[in-house]
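# Architecture at a glance
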Protein chains: 2
Amino acid sequence: MGRGVEWAVHSCVNMAWTPPGEPVNSARLAEFYKLPAAYLNKQFQSLVRAGVLDSVSGPRGGFLLARRPENITVLDIVLALEGADPAFRCEAILGNVPEPALQENFARTCLISQTMRQAELAWRQALARQSIAGIADSMERRFPADKVKVLDYLAAE
Amino acid sequence: MGRGVEWAVHSCVNMAWTPPGEPVNSARLAEFYKLPAAYLNKQFQSLVRAGVLDSVSGPRGGFLLARRPENITVLDIVLALEGADPAFRCEAILGNVPEPALQENFARTCLISQTMRQAELAWRQALARQSIAGIADSMERRFPADKVKVLDYLAAE
DNA sequence: GACTAGTTACTCGGATAGATATTGTCCGAGTAAGACCGG
DNA sequence: CCGGTCTTACTCGGACAATATCTATCCGAGTAACTAGTC
């Protein structure tokens, strides 16, 4: 899994903390986390294309959540950055076997493919259960001062 | 996920079908599935290092399951080929933030890392539930003739 | 003081290199089978 | 005919390229804010 996922989730949590409608400067975020600014920017572009973020150009521009944080899941972010295709692609190598009879049987009910799909489904469901709002709320409840500090840092200067 | 996983699982199922103690020729398997022989061989080497397969050198050599197929799960194969490290590596970028107070708080209970770990755990559990024996049995029960054909092809010539 | 036009600086966006992991290939070390020879 | 030795061919094993993907960087297009000038 790409490392940009971690950055993106943290960034989205911060965006959930900022006042709605107010964009967050991506360079400032990168500085905050000591990340390569241009690359973080590139990751955000993928999120914009996926409809997770909106972008604002020009001075005092930046990125902001495209919808309410309750409706953005960790899965949305992962799929936006890693691609929506399943990690396990069944190439149906059993369709290549010399016996035509086997081709039909195997292709229809490839148990391996089924197993992989079930596992990946469980993985996606676990990620889909966690929303950005949920993470942001939990963090805020545990460490109330932190949200203020983050916002101060992003707003300062 | 590497494509070798699919090959390896299919191959292990076939090995579960062959008489115990009898190695399967890897080149013959590759020919059966129309796969690059040398690369399949390379994948098997990883499985040998992981203790999933045993290898037999020399004429009439090949690979065979290192333990009973009931005790080999799909997860074993995936971890052997993809590495046992979790796909999501928490780089603890929150440990880089300028505020020392935040470092401590976040590092201890990084909810994002927790979410990712839970998801991956669910994924692994799903894969660990399926054993090679289970897949082989299901296939055989559904299409009894197939096992015979596969064994014939591998044994022929 | 308020409005408008022009300038400026800032931010996203995609196009462009570099690093890393994956995929694929090749040849040598070791081995077991089979051939050959002698008893 | 049987046993032992030697040769031989076969298979794994790891070292070596090619390719794709991920990571990182740079500069241009577009935009909103700011400035200056005018009414």
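Position labels on residues start from 1 in each chain and follow its written sequence. As a convention, the first chain written is A and the first ligand written is 1, with the rest following in written order. This being a predicted model, a pLDDT of at least 70 is required before a residue's local features are given, and a value of 80 or more before pairs of side-chain atoms are given or counted; all residues contribute to the totals for chains, interfaces and linings. Where side-chain values are given, they derive from all heavy atoms of the structure, hydrogens and water being excluded.

## Quick word on the overall build of chain A
- In DSSP terms, a helix is any run of H or I states spanning at least four residues, a strand is any run of E spanning at least two, and both are numbered starting from the N terminus. Of the regular secondary structure elements, chain A holds 8 helices and 2 strands.
- Each helix and strand of chain A, ordered N terminal to C terminal, gives the series α-α-α-β-β-α-α-α-α-α.
- Buried, partly exposed and exposed residues are distinguished by accessible area as a fraction of the type maximum, computed with a 1.4 Å probe on protein chains only: under 20%, between the cut-offs, and over 50%, respectively. The proportion of buried residues among the 157 residues of chain A is 47%.
- Across chain A, the fraction of contacts at a sequence separation of at least 24, relative to all contacts at a separation of at least 6, is 69%.
- Note on areas: Shrake-Rupley with a 1.4 Å probe; residue coverage comes only from the protein chains shown. A total accessible area of about 7,700 Å² is found for chain A, and carbon and sulfur atoms account for 49% of it. Whether two residues are in contact is decided by their heavy atoms, any of which lying within 4.5 Å being enough.

## Some remarks on the confidence of the model for chain A
- Here chain A averages 90 in pLDDT, and 88% of its residues register 70 or above.
- The predictor attaches a confidence to each residue, and that confidence, scored 0 to 100, is pLDDT. Taking the mean pLDDT of every element in chain A, the minimum, 59, falls on helix α5 (residues 100–108) of chain A and the maximum, 98, on helix α4 (residues 74–82) of chain A.

## Some details on the pattern of salt bridges
Residues and elements named next belong to chain B.
- Whenever a carboxyl oxygen of Asp or Glu lies within 4 Å of a side-chain nitrogen of Lys or Arg, that contact is scored as a salt bridge. The final tally for this structure, using the stated rule, is 10 salt bridges over all chains.
- In this structure, Arg68 and Glu70 form a salt bridge, with 3.3 Å as the shortest nitrogen-oxygen distance.
- Assessed through its relative accessible area of 56%, Arg68 is described here as exposed.
- Take Glu70: its relative accessible area is 41%, and that puts it in the partly exposed class.

## What about the side chain of Ser113 of chain B?
All names here are of chain B.
- Structurally, Ser113 is set in helix α6 (residues 111–129).
- When its relative accessible area of 7% is taken as the criterion, Ser113 is described as buried.
- Apart from residues lying up to four places away in sequence, Ser113 is in contact with Phe88 and Cys90.

## Some remarks on the environment of Lys42 of chain B
All names here are of chain B.
- With respect to the helices, strands and loops of the structure, Lys42 is situated in helix α3 (residues 37–49).
- For Lys42, a relative accessible area of 51% translates into the label exposed.
- C-alpha of Lys42 to C-alpha of Gly4: the two residues are 38 residues apart in sequence and 9.5 Å apart in space.

## Structural notes on the protein's contact with DNA strand D
- The local shell around DNA strand D holds 24 residues, among which Asn25, Gln45, Arg49, Ser55 and Gly62 of chain B are the closest.
- When at least one non-hydrogen atom of a residue lies within 4 Å of a molecule or strand, that residue is treated as near it. By atom count, sugar and phosphate contribute 62% of the portion of DNA strand D lying within 4 Å of the protein.
- Contact between DNA strand D and Arg3 of chain A: a phosphate oxygen at 3.2 Å from a main-chain N or O atom of the residue.
- Those elements that provide at least two residues to the surface near DNA strand D are α3 (37–49) of chain A together with α3, β1 (53–56) and β2 (62–65) of chain B.
- When residue character is reported, Ala, Val, Leu, Ile, Met, Phe, Trp, Tyr, Cys and Pro are called nonpolar, Asp, Glu, Lys and Arg charged, and the others, Gly included, polar. For the surface near DNA strand D, the residue count by class is 8 nonpolar, 12 polar and 4 charged. Under this definition, polar contacts are N or O atom pairs within 3.5 Å; protein pairs additionally need one hydrogen-donor-capable and one acceptor-capable atom, and for neighbouring residues in sequence, both atoms have to be side-chain atoms.

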